[in-house]
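# Coordinates in review
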Amino acid sequence: MRDVLRLDAVGQALAIKNGQMSARELVEAAIAAIEARDGELNAVVFRRFERALAEIGSIPAEAPFAGVPILLKDLGWRQVGEPYAAGSAIRDGARGLEVAEDGYGVARLREAGFVVLGRTNTPEFGSTITTEPVAFGPTRNPYDPAYSAGGSSGGSAAAVAAGMVALATASDGGGSIRVPASLCGLVGLKPSRGRVSLGPALGEGWSGFSCPGFVTRTVRDTAAALDVVSGFHPGDPYDAPALPGPLTAEVGRDPGRLRIGYVTTHPRGDVPEVPELTEAVTGAAALLESLGHDLEPGGPEALGDLDFPVHFGAIVANNLAAQVAGLGELRGKPVELEELEPRNAAMVSVARTHSAVDHIRATQWMDAFRRRMATWWRAGHDLLLMPSLGVAPFPLGWITPDDLSLAFGRTGHAVSYTSPVNATGQPAISLPLHRTAAGLPVGVQLVAATGREDLLIRVAAQIEQARPFEHPAMEPLA
């Protein structure tokens, strides 16, 4: 059983259905892996092993993923009866903050037969790209424990990369699926806005920037997991364009000859070029060209707008301030700035100087930005190839809490290629196609027009078949 966790989730489900193992054996193997590997990595902050084992007997055998273990990110992905901290100590023990019902995505996962083993680490309120919360401590990268696993889905990414589970839930408000997928050598797809509901707790996250998703080791797992949780719920503020069919049907389907633009240097001019990222993108471009696609340098002109980070940052800060105000109301006592980590205290402080008019004007600016970005795809381009992360893999502590100016600058560079895609609501997938000289993963992302996750899955599967993804951090248990 020691190698069973090397299978992806689809493979694990098939092994159970074929009688090669029982659901209990698989879940017990995942629990053993967490207990053996998480002490160093600190990816799983809440565990529910006994409850998970007790639930196995009630899972219908016909459920597509009956008995397959999964971990939930401790931000969004609410599960009734389980802790929910969102990376912060503010919620700890506060009455009125209990999870009242499963999120729609969690309910769908459980209906599909997944067994939830616990919740994964995330930065406080998911507001940065490294998982080092004061409340729970840092999550370490399985490829090098001195390095960050990324954020805000860093706990999920570290757990999957280390082989604890085949997949884990994630979310992406400025790069929080694609960044940890890049740093941990995984597949990470940010869906189109509205593809996966945030209900019933929320209608939207970060004014529409944030989308739920997964980190996985294979393209077919990404497709299958999104098929399980996708779908509109009455009351949702957005509904993504309909797909032609299940995403699993797109795995192995010929994407045709595509017109793909690629960017190695950020057109804003304020983001330093990183040799490892240039290598990753040019290598991916060469691979795509060898697969029969037409590659050309360049991307949307709007990507170079110097005003984008100002408006994006203001909208995120405003949403964070609203979240903190809501927490204060729920617990019956306002949240003081000194209760927050310095980064979040600074953002909330700035947001409190903004007016409602300021916020609406920023969202209107984003509306125009989204339309300007869309013209590039309407002009006949199919995909945009860019780095998944605007900086090289970085050590823990690099996003320092002691120098906020430096921290915000580094964070801005890191999300310079990802956050514009959150603003537009387009789908984007990060693929593990490169390694640094030290062996650390570097991902590249492909961005499609809104609603075209099907195209991303086709191309990603084509790439995976041509150059299978390797996961050296996932060693079998002794």
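One structure accompanies this document, and this report is about it. Sequence positions are assigned chain by chain, starting from 1 and proceeding in written order. In keeping with the model being predicted, local features are shown solely for residues with a pLDDT of at least 70 and side-chain atom pairs are shown and tallied solely at 80 or more, while totals for entire chains, interfaces and linings include all residues. Side-chain figures throughout are based on the complete set of non-hydrogen atoms in the structure, without hydrogens or water.

### A closer look at the overall build of the protein
Tallying secondary structure elements over the protein gives 14 helices and 13 strands in all. The reference for a compact globule is 2.2 Å times residues^0.38; the radius of gyration itself is calculated from the C-alpha atoms. Scaling as 2.2 N^0.38, a compact globule of 478 residues should have a C-alpha radius of gyration of about 23 Å, and the protein matches this with 21 Å. The burial tally for the protein puts 60% of its 478 residues in the buried class. Considering only contacts within the protein whose residues lie at least 6 apart along the sequence, 79% involve residues at least 24 apart. Secondary structure elements are taken from DSSP: a helix is a run of H or I of four residues or more, a strand is a run of E of two residues or more, and numbering for both begins at the N terminus. Burial status follows relative accessibility: with a 1.4 Å probe on protein chains alone, a residue under 20% of its type maximum counts as buried, one over 50% as exposed, and anything between as partly exposed. For this analysis, residues touch if any pair of their heavy atoms sits within 4.5 Å.

### A look at the packing of aromatic side chains
Put simply, two rings from Phe, Tyr or Trp (the six-membered ring, in Trp's case) pair if the centres are within 6.5 Å, and we call them stacked under 30 degrees between planes, edge-to-face over 60, tilted for the rest. Counted by the stated rule, this structure contains 10 aromatic pairs. With a centroid separation of 4.6 Å and 15° between ring planes, the pair formed by Phe65 and Phe114 is classed as stacked. Taken as a pair, Phe65 in the loop between α3 (49–55) and β2 (69–73) and Phe114 in the loop between α4 (104–111) and β3 (115–120) lie far apart in primary sequence, 49 residues in all. Comparing Phe65 with Phe114 shows no difference in burial state: the two are buried. Following the ring pairs from residue to residue traces out a cluster consisting of Phe209, Phe308, Phe312, Trp365 and Phe369. Sitting over the ring of Tyr238, Arg193 keeps its end group 5.7 Å from the ring centre. Stacked on the ring of Trp365, the Lys or Arg Arg372 has its end atom at 5.6 Å from the ring centre. Put simply, a charge is over a ring when the Lys NZ or the Arg CZ is close to the ring centre, within 6 Å, and near the line of the ring normal, within 35 degrees.

### Remarks on the packing of helix α9 (residues 308–331) against helix α11 (residues 356–378)
What describes two packed helices is the angle between their axes and the distance between those same axes. It is the contact of α9 with α11, at a shortest axis distance of 9 Å, that shows an interaxial angle of 130°. Viewed along their axes, α9 and α11 adopt a mutual orientation that is oblique. At the point where α9 passes α11, the crossing takes the left-handed sense. Contacts between α9 and α11 pair Phe308, His311, Phe312, Ile315, Asn318 and Asn319 from the former with His359, Ala362, Thr363, Trp365, Met366 and Phe369 from the latter. For this scheme, ten residues count as nonpolar: Ala, Val, Leu, Ile, Met, Phe, Trp, Tyr, Cys and Pro. Four count as charged, namely Asp, Glu, Lys and Arg, and the remainder, Gly too, count as polar. In terms of residue class, the contact of α9 with α11 is built from 7 nonpolar, 5 polar and no charged. Axis angles are defined between N-to-C directions and span 0 to 180 degrees, where every axis is a line fitted to C-alpha atoms and, for a helix, only to the segment in contact. Convention used here: angles under 35 degrees read as roughly parallel, angles over 145 as roughly antiparallel, angles from 65 to 115 as roughly perpendicular, and any remaining angle as oblique. In this scheme the crossing of two helices becomes right-handed for a clockwise turn of the near helix relative to the far one and left-handed for an anticlockwise turn of less than a right angle.

Everything listed is a geometric property; what it means functionally is a separate question.
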